[in-house]
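Here's the letter readout for the chains.
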Amino acid sequence: MYGEGCDPLKHTSMYQRAEEDSEDSDGEGGLGNVSRVIIRPPGHSGKAKRGHLCFDAAFETGNLGRIDLVGEFEYDLFLRPDTCNPRYRFWFNFTVDNVKQDQRVIFNIVNMNKSRNLFKDGMTPLVKSSSRPKWQRLPRCEVFYYKSAVHQNHYVLSYAFAFDKEDEVYQFALTFPYSYSKLQAFLNALESKFPDSFERTTLGMTIQNRKMELITFDDVKKPEKVDPKNLIHMVVVFARIHPGESPASYVVQGLIEYLAAANQPISKALRENVVFKIIPMLNPDGVFLGNNRCNVIGHDLNRTWNKMSQYTHPTLTAAMKMLKEYDNSSCYQVDFVIDIHAHSSLTGTFIYGSTYDNVYRYERHLVFPKLFASKCEDFCQEHMMFNADDRKSGTARRYFVDALSDNVNTYTLEVSTCGYYLNDTNILTQYTEDGYMRIGRNLARTFLEYYRFTNILPIPPVDELRPRKGRPRTHRPRARSRTRSEVRLRPKTVRTHAPISYTDLSICYDSSTSNEGSPIRYMYSSYGGFRMRALGPPDQYSLSNIQAARFSNLDFSSDFRFKVTPKPKMAAAEHKMPPIEMVSVPPKPCLTIIDFNQLTRGGLEEATSGRSLEKEKEKVRRHTAVKGSSRKA
C-alpha cells in the first residue's frame, strides 16, 4: 500500500463522507476553501446540535480545503493547495464555531508539503477567539509533529484543544495573518495622521485588479545643478512576494511607521537625506486568496524575475520598470534593494546576499549586514549566507546583481515565523507582532548608521544620543521595609593602618596647554620609569565621544558633517620629559594619592586633614629617637 504512488488528498476517514453537503451547509466556496461546513457524527441527520463543529475558511487569507471526522473527537484537516499549483500546501487559516463548553478535540493537519519546518523545533499554531482577539500560541506540550504511517508516511501536525466558552468563534493560523484589507486600513490611518510625511501612489494593478501600493518618503532638498558628487541616494524595500510569509508585512509596517513619525529625529534625518521607496505587498492576489507562495495563476514570483511577463507578472514588471528608471537616472543613485521574507525552517533574523568577483564590491556588500547585526539582538549570524547559486537566478537578490548597476546592494532579509534563541542559549523566544515591527525599526536605525559613517548623513541629533535625565534604574531608592533589620557591627580586619609616604611622588604640569589639546601629566610609576596619560579625548569628533553624547563644545551650524581637523604639531621641546625632583612636600597645587585599601574607617579624614603631615613627621622623629637609643644601649 505504501509502496505505491498515493494521492496526498486521499480520503483517510473511518467514516464515509456524504456525497453532498447537508442543507445547513453552503458547500465549499472561495476557490476550494470550505465555507460553513458542519461536521456531524455518523448516523445523525437533521439540524446540527451544539458540539457539531462548523468550519469556515471562505474569507480573506483563509485556507482549509477539507475536514474528515476520523474519531469521536478527532478530525483530519486537509490544506487547500495554492491556486493552479498543487505543489505548495503549508499556510492555514480557518475558524471553528458551534462548539460546546469544555469540548476537547484533536486536529490533524495531514497534507503539509514541507516536512522540514520549525514545528520540529517547538513552533506551535496560533489561536484567538471573539472575546480574546489577541493571538496566542498553543502550549508546546499539546502540539505534536511526527511521521504517520496511517497517513501514507506523511508528516502530520496534531494538536489538542479544549473549547472553554460557547458562543465563541475560534480562529487558528500558522502565524500572524496580515491581509490586503489590513494593509489598506493601515495606510489610510497613517495617511490621515501624517499627511505630509510620505506620498502614497499606485505603482501597478494585479491580474485580479488589485492595487500594488508604493510608499515614498522624500524630503530631500534637490540640488540646483546635477552633479555626480551630489547624487540623491535611494533605498528600495519590498515585501510579501510570498503570501504565506505574513511576518514580512509586520516588518514593513514597523519600518513605515518609524519613517513616517514627524517628531522622530532619526526619521527626519533619514527623510531629508535619503529617498525611500517601499512596496509593502508585491503579491496582493495571492495574499487575498490565502495562497502559500504563488499568485493567482500558480507562479512563484520570486523564481520568475529573470523571465517575467507583463501579462502574467504585472507587479514584477511595474517594480522592475521603476528600478530601471531610477538606476539609469543621472540624479539618483540606488544604494539598496531589500526583499523581506519569512523563513519557516530557521530561527532568528538573518540576511542572504551575493558574492562578487570584485573584491572591493564584495567587501562593500558586507558592511550593511554587519551594521544590522549590531542593531538586532535576535540576529543569527550562523544562518547568514552569501552565494552566487545558479538555481536562485530567478530570485530578486540574484537577478538584480546583473540587471542593475554595480553600486546597488541587493539583499534578502529573512525573519523566522517562530522566534529566536536568546543570547546564544537554548531558550526559544517566540516572536510577536510588535517583535516583528521592532525589526523594521532596527532596519531604519541601520540605514542611519550606514549613511552616517559614509558621510551622507550629518551627526545624529544630540537629543537622540544624550542619555536620559535622572538617575539610572539601579540607583533609585528602594522601598523601605516596615520591619527594621538588625544592624550588625562591621567585622574587624587584619589590615593595619599604614603611613602614607610622600617621598615617591613627583608632579609636573604642562603650563603651555591650549584649547586644541589636552594637558599631559607625567607620573612616576612604581615599576620604574614614567607613563604619560592624556586628560580627555584627543579628537572631539571621535566615535567614543559621539557615543558618550558629549556635544557641549560642538558647532552645530548649517553643515555639521564629519570633518577631520589636523592637530597642531608639537614642538620638540614639549616632547622632552621633565626632570625628576624628589621632594618631601608636594608643591602647590597639591595632589594627594591615597591607598584606599589600607585605610580604615575614619582614616580618610585623618589622611586628608592639614595635620596629617605634622603627625607623620612626629612619628618619624620618635622612630628615629627610639632607634638611636637602642643602638647606644
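Fair warning: this is a prediction, and the values are worked out from it, not measured in the lab.

Asks: How do you make sense of the overall build of the protein chain when you look at a structure like this?
Replies: Scanning the protein chain from terminus to terminus reveals 14 helices and 25 strands. When the accessible area of the protein chain is evaluated, it comes to approximately 36200 Å², of which 50% is carbon and sulfur surface.

Asks: What is the right way to look at the side chain of E213 in this model?
Replies: Among the structural elements, E213 can be located in strand β15 (residues 211-217). Judged by its relative accessible area of 4%, E213 is buried. Within the structure, E213 has its side chain in polar contact with the side chain of Q184 (distance 3.3 Å). Looking at E213, its side chain comes within polar contact range of the side chain of R200, at 3.2 Å. Those residues in contact with E213 that sit more than four places away from it in its chain are Q184, L187, R200, T201, I278, I279 and P280.

Asks: In this structure, what is going on with the pattern of salt bridges? I would like to understand it.
Replies: Any two side chains of opposite charge can pair, on the condition that their charged atoms come close. Scanning all chains against the criterion turns up 15 salt bridges. Between D167 and R50 there is a salt bridge; the shortest N-O distance is 3.1 Å. With D167 in the loop between β12 (154-163) and β13 (170-173) and R50 in the loop between β3 (37-38) and β4 (54-56), this residue pair connects regions lying 117 residues apart in the sequence. R200 serves as the salt-bridge partner of E191, at 3.3 Å between the closest nitrogen and oxygen. Connected via shared salt-bridge partners are E191, R200 and E213.

Asks: Explanation requested: the environment of P133 in the structure shown.
Replies: Structurally, the position occupied by P133 is in the loop between β9 (126-128) and β10 (136-137). A relative accessible area of 57% places P133 in the exposed class.

Asks: I tried to follow the packing of helix α5 (residues 314-327) against helix α8 (residues 396-403) on my own but got confused; where do I start?
Replies: A pair of packed helices can be characterised by two numbers: the angle between their axes and the separation between those axes. α8 packs onto α5 with a crossing angle of 35° between their chain directions and a minimal axis gap of 12 Å. You can see that α5 and α8 cross each other, and the crossing is right-handed. The segment α5 lies against α8, with M320, L323 and K324 engaging Y399, F400 and A403. Looking at the contact of α5 with α8, its residues break down into five nonpolar, no polar and one charged.

Asks: How should unusual backbone geometry be read in this particular structure?
Replies: Unlike most non-glycine residues, D167 shows phi in positive territory, near 60°. Phi is positive for N455, close to 65°, though the residue is something other than glycine. You can see N455 is positioned in the loop between α9 (433-453) and α10 (462-465). Classification of N455 as partly exposed rests on a relative accessible area of 35%.

Asks: Is there a simple way to think about the UniProt feature "active site" (unreviewed entry) in the protein chain in this case?
Replies: Mapped onto this numbering, the UniProt entry gives "active site" (unreviewed entry) at E414. Tracing the backbone shows E414 in strand β21 (residues 409-416). Owing to a relative accessible area of 8%, E414 belongs among the buried residues under this scheme. Apart from the residues lying within four places of it in its own chain, the contact partners of E414 are H341, A342, H343, G348, T349, F350 and Y352.

Asks: Teacher, can you tell me more about the pairing of β13 here?
Replies: Regular strands place their side chains on alternate faces of the sheet. The alternating pattern of β13 places Y170 and F172 on one face and Q171 and A173 on the opposite face, and all of these are buried. Direction of pairing for β9 relative to β13: antiparallel, over a ladder of three bridges. From the neighbouring strand, K128 faces β13, where its bridge partner is Q171.

Asks: Please clarify how the nonpolar core should be interpreted in this entry.
Replies: When a protein is soluble and globular, its nonpolar side chains tend to lie buried together. Counting 59 residues, the largest nonpolar core has I338 and F447 as its most contacted members. Core analysis: the second largest hydrophobic core is formed by 37 residues, F94, V105, F107 and F172 among them.

Asks: I would appreciate a short explanation of the packing of aromatic side chains in the present structure.
Replies: Pairs of aromatic rings are described using the distance from one ring centre to the other and the angle between the two planes. By the definition in use, this model includes 41 aromatic pairs. Ring plane angle 70° and centroid distance 5.1 Å describe the contact between F161 and F163, whose orientation is recorded as edge-to-face. Residue class for F163 comes out buried when judged on its relative accessible area of 0%. What links up through ring pairs into an aromatic cluster is the set F55, Y75, F92, F94, F107, Y159, F161, F163, Y170 and F172.

Asks: Honestly, α5 in this entry has me stumped. Any pointers?
Replies: Turn by turn, an α-helix covers 3.6 residues, leaving residues three or four places apart pointing in a common direction. Its 14 residues place the ends of α5 20 Å apart at the C-alpha level, agreeing with the 20 Å of an ideal helix rising 1.5 Å per residue. Of the positions making up α5, those classed as buried are P314, T315, L316, A318, A319, M320, M322, L323 and D327.

Asks: Could you clarify how one ought to interpret the sheet that holds β9 in this entry?
Replies: In sheet architecture, strand pairing relies on hydrogen bonds along the backbone and comes in two forms, parallel and antiparallel. Taken together, six strands build an open sheet; the order of strands is β3-β4-β7-β13-β9-β10 and the sheet is antiparallel. Whereas interior strands pair on both sides, the edge strands pair on one side only; in this sheet they are β3 and β10.

Asks: I tried to follow the packing of helix α7 (residues 367-375) against α9 on my own but got confused; where do I start?
Replies: Two numbers describe how α7 lies on α9: the axes approach to 9 Å, and their chain directions differ by 125°. The angle between α7 and α9 places the two elements in the oblique class. Once α7 is placed against α9, the crossing between them reads as right-handed. Seen from α7, the contacting residues are V367, F368, L371, F372 and K375; seen from α9, they are I439, N442, L443, R445, T446, F447, E449 and Y450.

Asks: Before we go on, may I ask you to explain the sheet that holds strand β16 (residues 232-239) in this structure?
Replies: Ordered in space as β14-β15-β17-β16-β18-β21-β19-β20, the eight strands form an open sheet in which the pairing is mixed. Each of the sheet's edge strands pairs with one partner strand only, and the pair in question is β14 (199-205) and β20 (385-387). Averaged over all pairs of adjacent strands, the angle between strand axes in this sheet comes to 20°, irrespective of strand direction. Pairing of β16 with strand β17 (residues 274-279), which is carried by six bridges, proceeds in the parallel orientation. Within β17, the position partnered with H233 by the bridge is V274. Across the sheet, α7 is in contact with β18 (332-343), β19 (349-354), β20 and β21; its angle to β19 comes to roughly 175°. α9 contacts β16, β17, β18, β19 and β21 of the sheet and is inclined by roughly 155° relative to β18.

Asks: For this particular structure, what's the right way to read the state of the cysteines?
Replies: Each disulfide consists of one covalent bond between the sulfur atoms belonging to two cysteines. Scanning the entire structure with this criterion turns up zero disulfides. Residue C294 stays outside any disulfide, its sulfur separated by 9.1 Å from that of C84, the closest cysteine.

Asks: Help me understand the pairing of strand β5 (residues 66-69) in this model?
Replies: Every second residue of β5 is oriented toward a common face, with R66 and D68 on one face and I67 and L69 on the other, all of them buried. Pairing of β5 with strand β6 (residues 74-78) involves four bridges; the strand directions are antiparallel. When the bridges of β6 are listed, R66 appears paired with F78. Counted along the chain from β5 to the antiparallel partner β6, the turn is four residues long.

Asks: What is the right way to read the confidence of the model for the protein chain from this model?
Replies: Low pLDDT marks stretches whose predicted atomic positions should not be read closely. Across the protein chain, the average pLDDT comes to 78, with 68% of residues at 70 or higher. Strand β1 (residues 28-29) is the least confidently modelled element of the protein chain, averaging 36 in pLDDT, while β13 averages 98, the highest of any element. Between residues 1-30, whose pLDDT stays under 50, and residues either more than four places distant or in other chains, the model counts 64 contacts. In the predicted structure, residues 497-567 sits below a pLDDT of 50 and forms 99 contacts with residues beyond four places in sequence or in another chain.

Conventions adopted
- Residues numbered from 1 in each chain as written.
- Predicted model: local features only at pLDDT ≥ 70, side-chain atom pairs only at ≥ 80, totals over all residues.
- Heavy atoms only, no water.
- Helix = DSSP H or I, 4+ residues; strand = E, 2+ residues; numbered from the N terminus.
- Areas by Shrake-Rupley, 256 points an atom, 1.4 Å probe, with all protein chains shown as cover.
- Buried < 20%, exposed > 50% of the residue type's maximum accessible area, 1.4 Å probe, protein only.
- Polar contact = N/O pair within 3.5 Å; in protein donor to acceptor, adjacent residues only side chain to side chain.
- Contact = heavy atoms within 4.5 Å.
- Salt bridge = Lys/Arg side-chain N within 4 Å of Asp/Glu carboxyl O.
- Axes fitted to C-alpha atoms, helices over the stretch in contact; angles between N-to-C directions.
- Left-handed = near helix turned anticlockwise from the far one by under 90°.
- Nonpolar A, V, L, I, M, F, W, Y, C, P; charged D, E, K, R; others polar.
- UniProt positions renumbered as here; feature names shortened; annotations may be inferred.
- Pairing = 2+ DSSP bridges.
- Core = buried A, V, L, I, M, F, W, Y, C linked by side-chain atoms within 4.5 Å.
- Phe/Tyr/Trp six-rings, centres within 6.5 Å; stacked < 30°, edge-to-face > 60°.
- Expected span 1.5 Å × (residues − 1).
- Parallel < 35°, antiparallel > 145°, perpendicular 65-115°, else oblique.
- Disulfide = S-S within 2.5 Å.
- pLDDT = per-residue confidence, 0-100.

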